[in-house]
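Listed below are the residues making up each chain.
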Amino acid sequence: MHLNGDGHHRAKHDDAMLLMRGEDLNTLAPMSWHRWERRINSGITGKRSIQDAYQITQGQEVRSHFHGHIGLLNLTESFAPWFFDPNNPVLGSPDLSNADVFAFAFANKVGAFATYVHPIGDDGDPFAEDVIANIPLELMSDGVLEPKTGLELVCAWTSPLGTAGIVSPWLQCLAQMDG
Amino acid sequence: MSGTDGWVDFHRTPAVETGRACIRPLKNENTTDPILAGTLAGRSFVTTGPALTFSMGNGIKSGDIIDSGKQEYTLNVTSTVDSETVKIIVNGQLYKHLRALRAEKQHTIKV
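Residues numbered from 1 in each chain as written. Chains lettered and ligands numbered in written order. Predicted model: local features only at pLDDT ≥ 70, side-chain atom pairs only at ≥ 80, totals over all residues. Heavy atoms only, no water.

**Some words on the pairing of strand 8 (residues 68-73) of chain A**
Residue and element names in this part refer to chain A.
So, step 1. Counted residue by residue, strand 8 has 6 buried out of 6 residues, so it is predominantly covered.
So, step 2. Burial along strand 8 is two-sided: G68, I70 and L72 facing one way and H69, G71 and L73 facing the other are all buried.
So, step 3. When strand 7 (residues 59-64) meets strand 8, the two strands line up antiparallel, connected through 5 bridges. Note on strand 8: the bridge partner recorded for S64 is G68. (Buried < 20%, exposed > 50% of the residue type's maximum accessible area, 1.4 Å probe, protein only. Helix = DSSP H or I, 4+ residues; strand = E, 2+ residues; numbered from the N terminus. Pairing = 2+ DSSP bridges.)

Listed below in structure tokens is the structure:
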């Protein structure tokens, strides 16, 4: 979920609170989103708003189309650059990967939690030969190597069935490594 | 985790709770945010509507750790719309497949 994506109005947390009350949703973690170089809501990353039983904590989505998009929760500052990959404008070093996002999230700095968001679009077996290339490039390796990795199982426009098909192989890889 | 990938500042995107997670908060001396702690501990289910509450013997719930081996379980399914199919998957394999659960009625499946 995002607060702003350069839409009709510039929304604030108070606007999101109204929507939360209407939907009986207690906790919202909108991710600051960029429209290429426009880092919308960069000034409120980490902001927390509370009204009665409703709470909003502003996170960030780091959006490398090549590596897979990462949602960051429990932030105090934004990861930079907001996007990076071989096919998009480069803001700094091109030698970045989602492992750098996870290192920011975990090691030494901010104690955030990183989640692969909207990873699998189709309902079938994500490891089938004709679709296996659609799995975000580093999802499997990050899930195995990082101490904590989130997976957005349910999203409005991707497949919970296909995404759930990632879980068991992930766990089996982990079990093999632990063994 | 569950999300919607919509925007508050757009008029025509899905409602903010279209995909949501229902989380059991986790409170202990190390947590400052029980909701986040419960999320990281897997004490939740994710949904776009139906309520799925799953428990095993001795009150074990989602996110808890159990011993390996055969277990008794209880699954409660409640939805405002009819559910075409409910699958119980264990270790990546389909264990049980339920069909055509009627809306607005809590279904309890026990083994």
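**Quick word on the confidence of the model for chain B**
All names here are of chain B.
So, step 1. Averaged over every residue, the pLDDT of chain B is 86; the share at 70 or more is 99%.
So, step 2. Taking the mean pLDDT of every element in chain B, the minimum, 80, falls on strand 8 (residues 107-110) and the maximum, 92, on strand 1 (residues 20-23).
So, step 3. Taken together, the chains of this predicted complex give a pTM of 0.88 and an interface ipTM of 0.82. (pLDDT = per-residue confidence, 0-100.)

**Observations regarding the interface of chain B and chain A**
So, step 1. On the side of chain A, 39 residues touch chain B, which itself brings 27 residues to the contact.
So, step 2. Regarding the contact of chain B and chain A, the summed buried area is about 2600 Å², with carbon and sulfur atoms giving 65% of it.
So, step 3. Counting every contact that joins chain B to chain A gives 1 salt bridge.
So, step 4. Our count for the chain B to chain A interface comes out at 16 residue pairs in polar contact (both at pLDDT 80 or more).
So, step 5. Breaking the side of chain B that touches chain A down by element, the ones donating at least two residues are helix 1 (34-40) and strand 2 (44-47) of chain B.
So, step 6. In terms of residue count, helix 1 of chain B provides more of the side of chain B that touches chain A than any other element does, 3 residues in total.
So, step 7. A breakdown of the residues in the side of chain B that touches chain A according to their chemical character gives 11 nonpolar, 11 polar and 5 charged. (Contact = heavy atoms within 4.5 Å. Buried area = accessible area lost by both parts, 1.4 Å probe. Salt bridge = Lys/Arg side-chain N within 4 Å of Asp/Glu carboxyl O. Polar contact = N/O pair within 3.5 Å; in protein donor to acceptor, adjacent residues only side chain to side chain. Nonpolar A, V, L, I, M, F, W, Y, C, P; charged D, E, K, R; others polar.)

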